[in-house]
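This is what each chain is made of:
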Amino acid sequence: MDTLNEKRPASDEEEEEESEEEEKKPAKRGRKPAAAKNVSDSGSEEDFEPAAKKGKKAPAKGKKAAGGGGRKPGTGYTKECKLSPELAAVMGQATMARHEVVKQMWKLVKEKNLYDPKNKQFAICNDELLPVFGVKRFRTFGMMKYLKNHFVD
């Protein structure tokens, strides 16, 4: 008798196990209907707690509850940096934050219409900007690559 090729009838226990496995499969992912969002898995609405009644988290130690973002002003990209003499001459200030320098550069490029007529992604340096960038033509979105050497910490 060859046991591999013969099919034996499934017992009741095996059928129950197969049906349980089918029930345990995760549901398809998709959007829930708008009415079903507030109902829990058990079907009752007892577990549902409205957003208005939910308690707020306690603030972390050392931070004020009414404070803004908890960050100190003047850190990272917004930190005031000393500018090189070439960049200070263009900006008109000896110290500025890096994001302010980039804003001013964009403003200069737009006001003086320094865009490359063939490709507006690039700007063409005038005599004032040439000592800062060191190249005649630069990509405007990559200007920080040229400006980073002019920030003295």
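I will try to describe carefully the structure that is included in this document. (Residues numbered from 1 in each chain as written. Predicted model: local features only at pLDDT ≥ 70, side-chain atom pairs only at ≥ 80, totals over all residues. Heavy atoms only, no water.)

Comments concerning the nonpolar core
Of all hydrophobic cores here, the largest spans 23 residues; its most connected members are Leu-87, Met-91, Met-105, Phe-133 and Leu-147. The set of elements that each furnish at least two residues to this core consists of strand E1 (80-83), helix H2 (85-91), helix H3 (98-111), helix H4 (130-133) and helix H5 (143-147). Considering every element that reaches this core, the biggest residue donor is H3, with five residues. Dropping the residues within four chain positions of it, Met-91 is found in contact with Leu-83, Met-96, Val-101, Gln-104, Met-105 and Leu-108. (Core = buried A, V, L, I, M, F, W, Y, C linked by side-chain atoms within 4.5 Å. Buried < 20%, exposed > 50% of the residue type's maximum accessible area, 1.4 Å probe, protein only. Helix = DSSP H or I, 4+ residues; strand = E, 2+ residues; numbered from the N terminus. Contact = heavy atoms within 4.5 Å.)

Description of the pairing of E1
Side-chain positions along a regular strand alternate between the two faces of the sheet. Of the strand pairs in this sheet, E1 and strand E2 (residues 95-97) are connected by three bridges, and their pairing is antiparallel. Directly across from Lys-82, in E2, lies its bridge partner Thr-95. Direction of pairing for E1 relative to strand E5 (residues 151-152): antiparallel, over a ladder of two bridges. Across the sheet, residue Lys-82 finds its bridge partner in E5, namely Val-152. (Pairing = 2+ DSSP bridges.)

A word on the sheet that holds E2
With respect to topology, three strands assemble into an open sheet ordered E2-E1-E5, the strand pairing being antiparallel. A strand with exactly one partner marks an edge of an open sheet, and here the two such strands are E2 and E5. Seen against the sheet, H3 touches E1, E2 and E5 and runs at an angle of roughly 90° to E2. (Axes fitted to C-alpha atoms, helices over the stretch in contact; angles between N-to-C directions.)

A few points about the pattern of salt bridges
The final tally for this structure, using the stated rule, is three salt bridges. Glu-128 serves as the salt-bridge partner of Lys-112, at 2.7 Å between the closest nitrogen and oxygen. Taken together, the residues span a long stretch of sequence, with Lys-112 in the loop between H3 and strand E3 (122-124) and Glu-128 in the loop between E3 and H4 at a distance of 16 residues. The partner of Asp-116 in a salt bridge is Arg-137, and the shortest N-O contact between them spans 2.7 Å. With Asp-116 in the loop between H3 and E3 and Arg-137 in strand E4 (residues 137-139), this residue pair connects regions lying 21 residues apart in the sequence. For Arg-137, a relative accessible area of 42% gives the class partly exposed. (Salt bridge = Lys/Arg side-chain N within 4 Å of Asp/Glu carboxyl O.)

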